[in-house]
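What the coordinates show
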Amino acid sequence: MSGTALIVIDMLNSYEHEDAELLLPSVRATLPQLTALIERARRSDAEVIYVNDNFGLWRSHHDELLDTVLSGPHADLVEPVRPDEKSLFVVKARHSIFYQTPLEYLLRQHGIDTIVLCGQVTEQCVLYSALDAHIRHIEVTVVEDACAHIHRDLAEAALRMMERNMRARIVRSTAEEIF
């Protein structure tokens, strides 16, 4: 295996949760880099996989989830990063993109051994996903300026942990060697 996939974490979001007000400024700041990164992945023919919470809507599918967040008050944060017809989609229930999801199987089926993480939240879902990828022997790149945070200090600590403890490659969205 030698493929790379971009994993977009929790960007299909209604922002109707406890930490939303703290998160929103960071999402707005990362949106241009995130949008450019998704387009770059698509141009390079890398798989783009959205892994997203379903907010307890277990009967919904990704189109319904997308319709819900696009009709909400923060649709401007979702529209630029919405999945296209080639994007893959995995629903998650907890912080890690791997925990009780079919993502690992999907990656293996597509010959992907490296994932590029972006989205939200650096100190939560991105961190836990990087750890779960590391223990599965999947290479991880984290695009730090395409990841939103709630608490800057915790996000910086999480990035250091991912780099040091999980051997994640931490890059900016302008790095040449991402895909």
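Okay, so let's go over this structure.

Conventions we followed
- Residues numbered from 1 in each chain as written.
- Predicted model: local features only at pLDDT ≥ 70, side-chain atom pairs only at ≥ 80, totals over all residues.
- Heavy atoms only, no water.
- Salt bridge = Lys/Arg side-chain N within 4 Å of Asp/Glu carboxyl O.
- Helix = DSSP H or I, 4+ residues; strand = E, 2+ residues; numbered from the N terminus.
- Bend = angle between axes of the 7 residues up to and from the residue.
- Contact = heavy atoms within 4.5 Å.
- Buried < 20%, exposed > 50% of the residue type's maximum accessible area, 1.4 Å probe, protein only.

Turning next to the pattern of salt bridges. Pairing between side chains becomes possible if they bear opposite charge and their charged atoms approach one another. A full pass over the atoms with the stated rule returns 9 salt bridges. Residue Lys-92 pairs with Asp-10 through a salt bridge whose shortest N-O separation is 3.0 Å. Note that Lys-92 is positioned in strand S3 (residues 88-92) and Asp-10 in the loop between strand S1 (3-9) and helix H1 (20-43), a separation of 82 residues in sequence. Here Arg-42 and Asp-84 are joined by a salt bridge, their closest N and O atoms 3.1 Å apart.

Moving on to H1. Helix geometry: H1 is bent most strongly at Leu-31, by close to 45°, with proline Pro-32 lying one to four residues after it. Where H1 is buried, its residues meet S1, strand S2 (47-53), helix H3 (75-78), strand S4 (112-120) and strand S5 (139-148). Backbone geometry just after H1 places Asp-45 at a positive phi near 65°.

This brings us to the side chain of His-74. Relative to the elements of secondary structure, His-74 occurs in the loop between helix H2 (62-70) and H3. Relative accessible area serves as the criterion here: at 15%, His-74 is assigned to the buried category. Residues in contact with His-74, not counting those within four places in the same chain, are Ser-14, Tyr-15, Leu-24 and Arg-28.

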